[in-house]
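Listed here are the chains, written in short residue letters.
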Amino acid sequence: MAEARTGDDVSDREAVVVLRGVNVRRHTSGQVILSKIDWTVRAGEHRVLLGADGAGKTTLLRLDEPFNALDLPSREDLVEAMQRLARSRPELATVTVTHHLEELSPAVSHTLLPREGRVLAGGPVAGTLTDSWMTSCFGRPVTVVRHEGRCAAYSSRHQGS
């Protein structure tokens, strides 16, 4: 894994950790393509996965806020396209960064909720996209609604509002 950093004047100890993987293992079709990989992504870092053909590069799709500036029909088209991709390429792992539950395809199986540079919760969607975890994540009351495999979140400033 190669690394490019911005803000080189910030020491590694000062940069906020936004994502960490420990003992990551990935296999496809019975073949191990990644094993015992540890990595940390800090604020301002950009990571690149490099390797020979067959090394597993094409088994990860990273989408960083792909829905920015999309209108409702375009957003829904992209959600549907992501669901079709998940069905047609089950070996493809996808990491999508978003602030809005409405942007998640029903094909999403796991979520990671960061808060102040730490992982607050992570795991299957049903256990992490809950009122309680989302309230903790955003620091204000959040209600999560599910409909046909999709989620939406609503918030008010105060309890009972």
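Scroll up for the structure.
Residues numbered from 1 in each chain as written. Predicted model: local features only at pLDDT ≥ 70, side-chain atom pairs only at ≥ 80, totals over all residues. Heavy atoms only, no water.

Student: What is the right way to read the side chain of Thr111 from this model?
Tutor: Of note, Thr111 is situated in strand 7 (residues 110-115). By relative accessible area, which is 11% here, Thr111 ends up buried. Separated by 2.2 Å, the side chains of Thr111 and Thr128 make a polar contact. (Helix = DSSP H or I, 4+ residues; strand = E, 2+ residues; numbered from the N terminus. Buried < 20%, exposed > 50% of the residue type's maximum accessible area, 1.4 Å probe, protein only. Polar contact = N/O pair within 3.5 Å; in protein donor to acceptor, adjacent residues only side chain to side chain.)

Student: I'm lost on the nonpolar core in this one. Help?
Tutor: Soluble globular proteins tend to pack their nonpolar side chains together in the buried interior. Core analysis: the biggest nonpolar cluster contains eleven residues, these being Leu101, Leu104, Leu113, Ala121, Val125, Leu129, Met134, Cys137, Val142, Val144 and Cys151. Among the elements of the structure, helix 3 (131-138) and strand 9 (142-147) are those that each provide at least two residues to this core. If we skip the residues at most four places from it in the chain, Cys137 touches Leu113, Pro114, Arg115 and Leu120. (Core = buried A, V, L, I, M, F, W, Y, C linked by side-chain atoms within 4.5 Å. Contact = heavy atoms within 4.5 Å.)

Student: Help me understand the pattern of salt bridges in this model?
Tutor: Should their charged atoms come close, side chains of opposite charge can pair. Applying the stated rule across the entire model yields three salt bridges. Between Glu76 and Arg75 there is a salt bridge, with the nearest N and O atoms lying 2.9 Å from each other. The partly exposed category is assigned to Glu76, whose relative accessible area is 21%. Take Arg75: its relative accessible area is 22%, and that puts it in the partly exposed class. (Salt bridge = Lys/Arg side-chain N within 4 Å of Asp/Glu carboxyl O.)

This is a description of form; function is not addressed.
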